[in-house]
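Results of the structural survey
The residues making up each chain are set out below.
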Amino acid sequence: MALNNFIKEIAGKPNAETVLISILQHANRIMKEHHNSERLIVPLFKTLEFILGREEFAAIQGVQNVITEMTELVSKEMENCKSIMRLTASTGTVVCLLGLAKDKEVSKKLLDMAARLLFDKEFPKVRKALADKFYLILVAQTEDHGAITTTVAERISDFLCETDWLNLSQDEIPATKEAYENLFLE
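Given the structure is predicted, the values throughout are model-derived calculations rather than measurements.

Let us look at the overall build of the protein. Per the secondary structure count, the protein includes 10 helices and zero strands. Here the protein has a C-alpha radius of gyration of 16 Å; the compact-globule value for 186 residues is 16 Å, and the two agree. With the C-alpha coordinates aligned to their principal axes, the bounding extent of the protein is approximately 55 × 35 × 30 Å. By the burial criterion, 45% of the 186 residues in the protein qualify as buried.

Take a look at the structure:
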């Protein structure tokens, strides 16, 4: 609640953009300095999901550079990760970054991260968490954004709803992954 009030209060001030970008830069610094520290990264990911989901961040001009760096840092945190807590916490951060990223290369990297969470991990709850959050971001999309056009967003939304992410067997993953990848073909 305090963070919510702080963001609302600062948003109307002349230095709002500088302060909000500074918050994200500090988050990046924490990820650099405390790489793989479960006790810090899990709450940080949850906080980032809350912050990045705020409309105040979507309008900031300089946020794209910070998002590019954050995408790289989140990717490093997910590499070879077997922690269900960290992977689950990362789903919201990945999806919110995807919702903000305007650069096609950054969007593609985030889509690759999302695909790894959906198909390369053996954690059904992580798949389900990502699918649910990804769906909500896509449903809110009203224009082409990054690497996702509105047409592709509709296809992905339908696909996410039609797939039983909790009960997807290891045998079904290759065909499901191929179907997902085909959604991006225009």
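Structure shown, so let's carry the discussion forward.
Our next topic: the state of the cysteines. In the structure shown here, the tally under the stated rule is zero disulfides. The thiol sulfur of Cys 96 is not disulfide-bonded, and the nearest other cysteine sulfur, from Cys 161, lies at 18 Å. In this structure Cys 96 comes out as buried when scored by relative accessible area, which is 9%.

Scanning the entire structure with this criterion turns up five aromatic pairs. Between Phe 119 and Tyr 180, the aromatic rings sit 5.4 Å apart at their centres with planes inclined by 55°, giving tilted as the arrangement. Of the two residues, Phe 119 is situated in helix 7 (residues 104-120) and Tyr 180 in helix 10 (residues 173-182); the sequence distance between them amounts to 61 residues. Of the aromatic side chains, those joined through ring pairs into one cluster are Phe 119, Phe 159, Trp 165, Tyr 180 and Phe 184.

We now examine the packing of helix 6 (residues 84-100) against helix 7. As a packed pair, helix 6 and helix 7 sit with axes 10 Å apart at the nearest point and diverge in direction by 150°. In terms of orientation, helix 6 and helix 7 fall into the roughly antiparallel class. Once helix 6 is placed against helix 7, the crossing between them reads as left-handed. Along the contact surface, helix 6 presents Leu 87, Ser 90, Thr 91, Val 94, Leu 97 and Leu 98, while helix 7 presents Ser 107, Leu 110, Leu 111, Met 113, Ala 114 and Leu 117. Partitioned by chemical class, the residues of the contact of helix 6 with helix 7 number nine nonpolar, three polar and no charged.

Bringing the packing of helix 5 (residues 63-78) against helix 6 into the picture now. Where helix 5 contacts helix 6, the two axes come as close as 11 Å, and the packing angle between them is 155°. As summarised for this structure, helix 5 and helix 6 are arranged roughly antiparallel, according to the angle between their axes. As helix 5 runs across helix 6, the sense of the crossing is left-handed. Contacts between helix 5 and helix 6 pair Gln 64, Ile 67, Met 70, Thr 71, Val 74, Glu 77 and Met 78 from the former with Arg 86, Ser 90, Thr 93, Val 94, Leu 97 and Leu 100 from the latter.

A separate point is the pattern of salt bridges. Applying the stated rule across the entire model yields nine salt bridges. Between Arg 54 and Glu 56 there is a salt bridge, and its shortest N-O distance comes to 2.9 Å. Its relative accessible area of 14% is what places Arg 54 among the buried residues. Across the pair Asp 132 and Lys 128 runs a salt bridge, and its minimum N-O distance is 3.0 Å. Placement of both Asp 132 and Lys 128 in helix 8 (residues 124-140) is noted, with a separation of four residues, approximately one turn of the helix. Residue Asp 132 is classed as partly exposed on the basis of its relative accessible area, which comes to 36%. Look at the salt bridges and you will find they share partners, linking Glu 38, Glu 77 and Arg 86 into a network.

Reading guide: rules and limits
- Residues numbered from 1 in each chain as written.
- Predicted model: local features only at pLDDT ≥ 70, side-chain atom pairs only at ≥ 80, totals over all residues.
- Heavy atoms only, no water.
- Helix = DSSP H or I, 4+ residues; strand = E, 2+ residues; numbered from the N terminus.
- Rg over C-alpha atoms; globule rule 2.2 N^0.38 Å.
- Buried < 20%, exposed > 50% of the residue type's maximum accessible area, 1.4 Å probe, protein only.
- Disulfide = S-S within 2.5 Å.
- Phe/Tyr/Trp six-rings, centres within 6.5 Å; stacked < 30°, edge-to-face > 60°.
- Axes fitted to C-alpha atoms, helices over the stretch in contact; angles between N-to-C directions.
- Parallel < 35°, antiparallel > 145°, perpendicular 65-115°, else oblique.
- Left-handed = near helix turned anticlockwise from the far one by under 90°.
- Contact = heavy atoms within 4.5 Å.
- Nonpolar A, V, L, I, M, F, W, Y, C, P; charged D, E, K, R; others polar.
- Salt bridge = Lys/Arg side-chain N within 4 Å of Asp/Glu carboxyl O.

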